[in-house]
Amino acid sequence: MFSLAVVNGLVMGTIYALAALGVSLVVGIMNVINFAHGEFYILAGYFSYLFADALGWPVAAAMVAAVALVFAAGVLVEYLLIRPTYGNDMYSLILTFILSIVLQNAYLHIFGPYPKKPPNWVKGATNFFDQFYYGNQRLVALAAGAAVIGALFVLIKTTWFGRVVRATSQDREMAEMNGVNTVGVNLVSFGLGCALAGAAGVILSPIFPVTPTAGVAVALTSFVIVVLGGMGSLWGCVVGGLVIGLVESFGATYVSTGYKHLFDFVILLGVLLVRPSGLFGKPAA
Amino acid sequence: MKRLRWRWWIGAAAFVAVPFGLDSYALHVAITCLFYAMMATSWNLIAGYTGQVSFAHAAFAGIGAYTSGLLAVKAGVPPWIGIAVGTAAAGAFGLMLGVLCLRMGGIYLSLATLAFSEILSIVVQNEYEVTRGTMGLQIPGLLPTYSKLSYYFVFLAAAVGTVWLVVRLIRSDLGLSFRAVQNDEAAAAASGVDVVRIRVLAFTVSSALAGLAGGLFGHYLLLITPTLLSLDQMFLVLAMAVIGGLGSLWGPVAGAFFLEILSEYIRAWGEYHVLAFGLVALVVARFAPDGLAGLARAVRKGPPAPGRPAPAAGGRS
């Protein structure tokens, strides 16, 4: 039981971290919370189901296409809805919340209420030290999630694009004065944030098939992780994601599965009480 | 001013006289409109006047309804007392969440209220032995005899009371502080306004009013289900306030009547009406952020809304 809960927690935590990184990136740069984040996760799940299952594409191609389309959708949303709200944080909250309801209802009409599942990448299960059998699909998901997170860190920490992004999130005006096109950075990083939700979606949807409203829980978990890790902190997301993954896993194993998300909320309240700036955040002035 | 008061009386007379000419179905729609008017008006107090977005307004209505309903069913408490307790409970939860989140700024309140709302609906659905879950909890009526007309007047009184309270708050010295906080937090703080306290006060009052609306509506419907505190319900209230016009007194009331009556007309579309509302709300929030009230003002060529900056293009604040 114990070791199974640990492995489960690590798998979920990695994917949660991936989804939360998308939120954190956008918060750090634009000070905008995308309340439709979970719906982009679901969108990627539906796309990969559509391409791989209904159209019969190879799984890898379907996943890449799904994430690319979600990136494009994110860019479109930034351009059409978020850009006019610069300088007014409240409207971006309202707009993305309405967008999430619109998307949930659109999914319901297009794909119906029943779960849709893209095909598995691998078959079978692995025996863990004669303790338990663990699905290979979940192990591959863990590896894929870790790989995408690694790639993101390389992108942010070592490339030219990453420097521009970090400069913008540290001091927007100074970045502008040094010739950074911050509006362009907003556009690309919002798309990238959505694409990260999409990556989490394509990785996790073979394990947890997608439904029109399943995105709410994903988004909430991501938000809690972002607050726990500290708004805008990327390392905070990785640590926070693993913490939340393990807490949920142990909570579900030893307390109650129905109340899995209650633990998230308790953690959120605890963070707000004890250290509102989160584990890795800068304390508020 | 004189002419305005004159219009006022016509409106009041219409609200009192019209229900006598309505059949039972139309009365039900009118009562539902008044319920949503209370919800949208009280949400407007926090969103429109202090610029903080709460996603737990439906959840607070649910707290009001379930507190009063459970007290009546399990302990035989009279509904009037139950509703008062439910209102106080919603206010108390609002106070706690507000104190926790509001010193950190708006985004934290939005996140925490969204989480709170989801958790509450999970709890209500899982504790079906107490709440009867999605089956719904049957609760006694507010009035000894069931008469839609009487309920209409109860809701009318409550809605007028809600609007009155919000107007009083906004037009008081406190209201000036509200708007100062919304316009420019730093400047308000520098002028000696206790920003956090203003926000917490607005949020607590707004939550308590949602609890009142929910409690009354539960005892009118006689059956409360988790849909009362769902995010879909929250979305309806938000859409009404946004389409009507945030930061205006009559906007949310007009929005509530407009959307509720519209939804009765397009009921035939079934499930599509939430999608349709969503698209309309999205277009309004994007292109006419002052809603119907803003459009009306533009038509009358009056001065722009006091105290609410239009979303400006260009760098973030």
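What you are looking at is a predicted structure, and each value in this text was computed from that prediction instead of being measured.

> Sorry if this is basic, but what is going on with the overall build of chain B here?
Across its full length, chain B carries 14 helices and 2 strands. Taking 317 residues into account, the globule formula puts the C-alpha radius of gyration at 20 Å, and chain B, at 19 Å, falls close to it. Within chain B, residue pairs in contact and separated by at least 24 positions form 78% of the contacts whose partners lie at least 6 positions apart. Total accessible area on chain B is roughly 14,000 Å²; 68% of this is exposed by carbon and sulfur atoms. Side-chain charges in chain B split into 20 positive and 13 negative, and the spacing between the mean points of these groups amounts to 13 Å.

> Got a minute to help me understand the overall build of chain A in this structure?
On a plain count of helices and strands, chain A comes out with 11 helices and 2 strands. Secondary structure elements of chain A occur, N-terminal to C-terminal, as α-α-α-α-β-β-α-α-α-α-α-α-α. Over its C-alpha trace chain A gives a radius of gyration of 19 Å, about what one expects of a compact globule, namely 19 Å for 285 residues. Considering only C-alpha atoms, chain A reaches an extent of 60 × 45 × 35 Å along its principal axes. Looking at chain A as a whole, 57% of its 285 residues qualify as buried. The contacts in chain A between residues at least 6 apart in sequence include a share of 75% that link residues at least 24 apart. As presented, chain A carries roughly 11,200 Å² of accessible surface, and 69% of it is formed by carbon and sulfur atoms.

> Where do I start with a nonpolar patch on the surface in this structure?
Residues and elements named next belong to chain A. Together, Trp-235, Val-239, Val-243, Leu-279 and Phe-280 make up an exposed nonpolar region whose accessible area comes to about 450 Å². Tracing the chain through its elements places Phe-280 in the segment after α11 (260-274). For Phe-280, a relative accessible area of 45% corresponds to the partly exposed category.

> I would appreciate a short explanation of the packing of helix α5 (residues 136-158) of chain A against helix α6 (residues 160-170) of chain A in the present structure.
Two quantities define a packed helix pair, namely the angle between the axes and the distance from one axis to the other. Residues and elements named next belong to chain A. Close contact between α5 and α6 brings their axes to 5 Å; oriented N to C, the two are set at 75°. It follows that α5 is roughly perpendicular to α6 by the angle criterion. Contacts between α5 and α6 involve Leu-155, Ile-156, Lys-157 and Thr-158 on the former and, on the latter, Trp-160, Phe-161, Gly-162, Arg-163, Val-165 and Arg-166.

> Hey, could you run me through the interface of chain A and chain B in this one?
Accessible area lost when the parts come together is the quantity often used to give the size of an interface. Contacts between chain A and chain B engage 44 residues on the former and 50 residues on the latter. Between chain A and chain B lies a buried interface of about 4,400 Å² when both sides are counted; carbon and sulfur atoms form 76% of it. In this structure, the connection of chain A to chain B is made through 0 salt bridges. At the boundary of chain A and chain B, one finds 1 residue pair in polar contact (both at pLDDT 80 or more).

> Hey, could you run me through helix α12 (residues 251-265) of chain B in this one?
Along an α-helix, a turn takes 3.6 residues, which lines up residues three or four apart on a common side. If you check α12 of chain B, its first and last C-alpha atoms are 21 Å apart, about what 15 residues at 1.5 Å a residue would give, namely 21 Å. Among all positions in α12 of chain B, only Gly-251, Pro-252, Val-253, Gly-255, Ala-256, Leu-259, Glu-260, Ser-263 and Glu-264 of chain B are buried.

> Is there a simple way to think about the packing of aromatic side chains in this case?
Aromatic ring pairs: the centre-centre distance and the angle between the two ring planes describe each pair. Applying the stated criterion across every chain, the model contains 19 aromatic pairs over all chains. For the ring pair Phe-35 of chain A and Phe-55 of chain B, a centre distance of 4.7 Å and an interplane angle of 70° mean the geometry is edge-to-face. In this pair, Phe-35 of chain A sits in the loop between α1 (2-30) and α2 (37-54) while Phe-55 of chain B sits in the loop between α2 (24-50) and α3 (57-75), so the two residues belong to two different chains. The class for Phe-35 of chain A is buried, based on a relative accessible area of 5%. With a centroid separation of 5.3 Å and an interplanar angle of 85°, the aromatic rings of Tyr-152 of chain B and Phe-153 of chain B are classed as edge-to-face.

> What am I meant to see in the pattern of salt bridges here?
Side-chain pairs of opposite charge can arise whenever the charged atoms involved come near each other. Residue and element names in this part refer to chain A. One pass over the full model with this rule turns up 1 salt bridge over all chains. One salt bridge connects Arg-83 with Glu-78, and the closest N-O pair in it is separated by 3.4 Å. For Glu-78, a relative accessible area of 0% translates into the label buried.

> Explain the confidence of the model for chain B here, please?
With 93% of its residues at a pLDDT of 70 or more, chain B shows a mean pLDDT of 82. For the stretch residues 307-317 of chain B, pLDDT sits under 50, and the model shows 30 contacts to residues farther than four places along the chain or on other chains.

> Where do I start with helix α8 (residues 173-183) of chain B in this structure?
All names here are of chain B. Residues Gly-175, Ser-177, Phe-178, Val-181 and Gln-182 constitute the buried set of α8. An end-on view of α8 places all buried positions within 155° of arc, on one side of the element. Relative to its buried face, α8 has exposed residues pointing more than 90 degrees away, namely Asp-173 and Leu-176. Where α8 is buried, its residues contact α2, α7 (148-171), α9 (185-190) and α10 (195-221).

> Hey, could you run me through the nonpolar core in this one?
Nonpolar side chains in soluble globular proteins tend to end up buried together. If you look at the biggest cluster of nonpolar residues, it comprises 193 residues, and the most contacted ones within it are Phe-97 of chain A together with Trp-43 and Phe-155 of chain B. Considering every element that reaches this core, the biggest residue donor is α2 of chain B, with 15 residues. Other than its neighbours up to four places away in sequence, Trp-43 of chain B contacts Ile-94 of chain A together with Gly-48, Val-53, Ser-54, His-57, Ser-206, Met-234, Val-237, Leu-238, Ala-241 and Leu-246 of chain B. Counting 5 residues, the second largest nonpolar core, distinct from the first, contains Val-7, Val-11, Phe-128 and Phe-132 of chain A.

> How should I be thinking about unusual backbone geometry in this particular structure?
In terms of backbone geometry, most residues other than glycine have negative phi values and most peptide bonds are trans. Despite not being glycine, Asn-31 of chain A has its phi angle at roughly 60°, a positive value. Of note, Asn-31 of chain A is situated in the loop between α1 and α2. With a phi angle near 70°, Leu-222 of chain B is a residue other than glycine that sits in the positive phi range. Here Leu-222 of chain B lies in the loop between α10 and β2 (223-224). The exposure class of Leu-222 of chain B is partly exposed, given its relative accessible area of 30%.

> Teacher, can you tell me more about the environment of Phe-235 of chain B here?
Counting through the fold element by element, Phe-235 of chain B comes out in helix α11 (residues 231-244). By relative accessible area, Phe-235 of chain B is classed as buried at 1%. For Phe-235 of chain B, the contacting residues outside a window of four places in its chain are Phe-97, Ile-98 and Ile-101 of chain A together with Val-274, Phe-277 and Gly-278 of chain B.

So, how was this worked out
Residues numbered from 1 in each chain as written. Chains lettered and ligands numbered in written order. Predicted model: local features only at pLDDT ≥ 70, side-chain atom pairs only at ≥ 80, totals over all residues. Heavy atoms only, no water. Helix = DSSP H or I, 4+ residues; strand = E, 2+ residues; numbered from the N terminus. Rg over C-alpha atoms; globule rule 2.2 N^0.38 Å. Contact = heavy atoms within 4.5 Å. Areas by Shrake-Rupley, 256 points an atom, 1.4 Å probe, with all protein chains shown as cover. Lys, Arg positive; Asp, Glu negative; His and termini not counted. Charge placed at Lys NZ, Arg CZ, Asp CG, Glu CD. Buried < 20%, exposed > 50% of the residue type's maximum accessible area, 1.4 Å probe, protein only. Patch = residues over 30% accessible without salt bridge, like charges linked within 9 Å, V, L, I, M, F, W, Y side chains within 5 Å. Salt bridge = Lys/Arg side-chain N within 4 Å of Asp/Glu carboxyl O. Axes fitted to C-alpha atoms, helices over the stretch in contact; angles between N-to-C directions. Parallel < 35°, antiparallel > 145°, perpendicular 65-115°, else oblique. Buried area = accessible area lost by both parts, 1.4 Å probe. Polar contact = N/O pair within 3.5 Å; in protein donor to acceptor, adjacent residues only side chain to side chain. Expected span 1.5 Å × (residues − 1). Phe/Tyr/Trp six-rings, centres within 6.5 Å; stacked < 30°, edge-to-face > 60°. pLDDT = per-residue confidence, 0-100. Arc of directions from axis to C-beta. Core = buried A, V, L, I, M, F, W, Y, C linked by side-chain atoms within 4.5 Å.

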